[in-house]
Amino acid sequence: MTTQSSARPIDAASARNPALAAVANAAVRAIPPVWPLASSVAVNPFLGQSGESLAQTAARLGRVAGIAVTMPRPWYLERIASGAITDDDLAGALSASPHANRPASPEALKAAAATAAPPLTALPTVAELAADVSGTDWPGLIAERFGGWAAGYFDMGQALWAAPQGKSAYAAWRAVATHDLTPEILGLTGFATRVAEGPETAGQALAAAVARLGISTVACETYFHQLLAGLGGWAQFARYRLWQAELAGGSDTTLSDFLAIRLVWEQALLERYEQQIAKRWRTVCAAHAEPVAPTAGQIVDAILQDAADRAAQRALAQTFAQERAARPSPGRPILQTAFCIDVRSELFRRALESTGPGIETIGFAGFFGLALSHRRHASDVDEARCPVLLNPAATSRTTDCGHHDHCHEHFSGDAKARLSARAKRAWGRFKLAAVSSFAFVEAMGPVYAGKLLRDSFSLGGAKVPHDPAPRLDPALPVDQRAGMAATILRAMSLTDGFARIVLLAGHGATTVNNPHASALQCGACGGYSGEVNARLLAGLLNDPEVRIALAGQDIVIPDDTLFVGALHDTTTDAVTLYDADHPSAAHAADLQRVRGWLAAAGAIARGERALRLPRANGADDVAGRSRDWAEVRPEWGLAGCGAFIAAPRGRTAGRDLQGRSFLHSYDWRQDEGFRVLELILTAPVVVASWISLQYYGSTVAPAMFGAGNKLLHNVTGGIGVVEGNGGPLRVGLPWQSVHDGERYMHEPLRLSVVVEAPQTAIDGVLSRHPELRALFDNGWLHLFRLNEQGRMASRYVRSLQWTDLDASPAHEEPLPEPQERLLRAAC
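To start, this report covers the structure provided alongside it. Everything numeric in this text was worked out from a predicted model, so none of it was measured.

Criteria and thresholds
Residues numbered from 1 in each chain as written. Predicted model: local features only at pLDDT ≥ 70, side-chain atom pairs only at ≥ 80, totals over all residues. Heavy atoms only, no water. Core = buried A, V, L, I, M, F, W, Y, C linked by side-chain atoms within 4.5 Å. Buried < 20%, exposed > 50% of the residue type's maximum accessible area, 1.4 Å probe, protein only. Helix = DSSP H or I, 4+ residues; strand = E, 2+ residues; numbered from the N terminus. Contact = heavy atoms within 4.5 Å. Salt bridge = Lys/Arg side-chain N within 4 Å of Asp/Glu carboxyl O. Axes fitted to C-alpha atoms, helices over the stretch in contact; angles between N-to-C directions. Parallel < 35°, antiparallel > 145°, perpendicular 65-115°, else oblique. Nonpolar A, V, L, I, M, F, W, Y, C, P; charged D, E, K, R; others polar. Patch = residues over 30% accessible without salt bridge, like charges linked within 9 Å, V, L, I, M, F, W, Y side chains within 5 Å. Areas by Shrake-Rupley, 256 points an atom, 1.4 Å probe, with all protein chains shown as cover.

1. Notes on the nonpolar core
Within the largest apolar cluster, 163 residues are counted, with the highest numbers of intra-cluster contacts made by Phe224 and Phe258. A total of 16 residues in this core trace back to one element, the largest contributor, which is helix H15 (residues 254–289). Every residue in contact with Phe258, bar those within four places of it in the chain, is listed here: Phe146, Trp149, Phe154, Ala169, Leu228, Leu231, Trp234, Ala235 and Ala238. If you look at the next biggest cluster of nonpolar residues, it comprises 33 residues, including Ala338, Leu472, Ala485 and Val532.

Here you go:
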């Protein structure tokens, strides 16, 4: 599991006060990163709180942001009344709670659940206190002025007039703020002069502001967190820059600069309104200095959430316990298809397997083990097509085919594509330029009538990627290529029994007029579609030299086996085959049959998905949603995700998991030294947890962790969206991605990880990776083990302790809370 080093001190001023620098660094670490729209990936919004329990996090975020981290109590009461949450679920959650002041009995828990939760209010900032006494919306003004500046500072090519670059964030803001008279017009006299004459570095500004505000270092822990959290997505994008810098071995001070900027505002407002707010501000400082501890109500809410999690886990255990009709084994499979573990693949895999005997499917991370830095056809942009936890380990490109007979043709195509892209960019700039934009509308408006009609009637739409075949550049020696292939095949538990056709299906999504389109792509591919990785792996495994080397490693691929890259479009459930990458006349008939099976499976999958999509009357209504520029719900993405299962496909084949489970093929009997198990738990499970918790956060706390209403979105800076014409950058999932207008389409549950492997092997992985273990120990993930019969047999409690799944709730006594904290600190 990737860890990130501590940030460097802000500057020499903070180095002279290491305690204050440590608190500032902790506040920076409490903010989750957000990726730009072009390659957006799901991020755990509680990343900075993974060392705390849900109730403890509720207390922290309640103080700094005034939000709850669980659903409203009526949501749980409805499930209790309907029987979805049973008395056993409540009793189990109650007994597992580590908090000493939890309700005394399930009856007391029910009574507490029926009581309205007290309203949450964050501690006020100086800006909010100043707004109370002045009648001026200072928090709103700060958000507006800061957001306008940050959009220009971060701009990734959207702005026609780009802001100057090369300065630190604090220096760049200071250069603008010294000429911004808006605060002074609204009553903050002398603000521009104060900034111009104030500290020249962020560290000096931070230290000076803390001294003037009179707030203790202890109180700064949650106060600093509050100031950064109040900046919304701007702070999260700055955290992304730090994440990327540290992944490359460097550092970045943008977010700590933001903290200094926000403190400058606080200091100025305190000096302006000190006489009216000084007493209240001292009370706030004292409250910030208090230890963060959950209230009795927050503990109740955390227990209710655990009960909801247990209800879903009970249903999953029943699914595993159901008897299934024996599936005939035809010997050698006629088709094997490896899909991404994405929950949307589960439905399609089930449909494909139903189309005929001898069809096997495999679940594997969608980047297919190839961490690539890739350049598309006619592009010089390096795209990291791998999980964001990893650095690219190889480079690839599609600028030419690598075969001398066709290079001229591909170079020509590359040049034409580049000219076309440049002409398109120039035309776009001309349309939006300050002078030409007015004449453009009048002169060229009628020319766009055809496009307007085509888009209005959904006759256009995004196209499936059809770049030339990608290749590694530089090419790797055969022993290295064979080593990569062997590692990937073993991780897939695919070392023998190869079918005549083996499809490697990445996935992507085709939508139009959707700023969040990349969020529907493959998260394991860094927010891009997965065909590049699939096609490269197919080429690797079709390479005769690689196959000869693999045979020396006891992996014998039959001569008649053909690997084919493919792309599963999750919006339309159409599958594109890239069989032209490796033409084979001997397999033409086989591929024709495969196309028929894929088409039949797509129809089945669309029919099932139509049942959940608004205004979809059947399978025929699904595909058109990808071309509709007014459609706010082209698909449901990963809404509903609730489980991650790492086991042989035989454990889940034929079971309807309702498109809610990540499915990773894994056979521990083939896993020497349990290296694959360690890889699964530290990479795909962590990525899946980020996805699950992003959906969770966007559902339970949409004001802070959701992107708001799609109908109001405007793209800013090319990096994110704002609602309206400015203000905070909105991050997370739009409301339309978790709600259909009448009901929630995502049930906010923490991910249940189900693994078939020896308990000692799982414990060994957790012992070696304390950050991974913290996710399970603190309840951000749940962990279960399948037994030899393929049933959920045991539940991980915490601190490497397990309990039988059928044990009575009384046997799930947790460690006392103080002891738990000591153990956590020891880790």
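This is not the end of the story, as more comes after the structure.
2. Structural notes on the pattern of salt bridges
Counted by the stated rule, this structure contains 49 salt bridges. When the shortest N-O distance is used, the salt bridge between Arg73 and Asp301 registers 2.7 Å. Linking Arg73 in helix H4 (residues 73–82) with Asp301 in helix H16 (residues 296–321), this pair joins segments that are 228 residues apart in sequence. Each member of the pair, Arg73 as well as Asp301, carries the same accessibility label: buried. A salt bridge links Glu271 to Arg194; the shortest N-O distance between them is 3.0 Å.

3. Notes on the packing of helix H7 (residues 126–134) against helix H8 (residues 138–154)
Where H7 contacts H8, the axes come no closer than 7 Å and their chain directions differ by 125°. Judged on the interaxial angle alone, H8 and H7 are oblique. Residue-level contacts link Ala127, Glu128, Ala130, Ala131 and Ser134 of H7 to Trp138, Pro139 and Ile142 of H8. Along the lines of polarity and charge, the residues of the contact of H7 with H8 split into six nonpolar, one polar and one charged.

4. Details of a nonpolar patch on the surface
Taken together, the side chains of Leu181, Ile185 and Leu186 present a nonpolar region at the surface, about 320 Å² in accessible area. Assignment of secondary structure puts Leu181 in the loop between helix H9 (169–177) and helix H10 (182–185).

5. Let's talk about the environment of Trp35
If you trace the backbone, Trp35 turns up in the loop between helix H2 (18–29) and helix H3 (54–65). Residues Trp35 and Gly526 lie 491 residues apart in sequence; the distance between their C-alpha atoms is 9.4 Å. Those residues in contact with Trp35 that lie beyond four places of it in its chain are Ser40, Val41, Val43, Tyr240, Trp243, Gln244, Val388, Trp690 and Ile719.

Just geometry here; none of it tells us what the structure is for.
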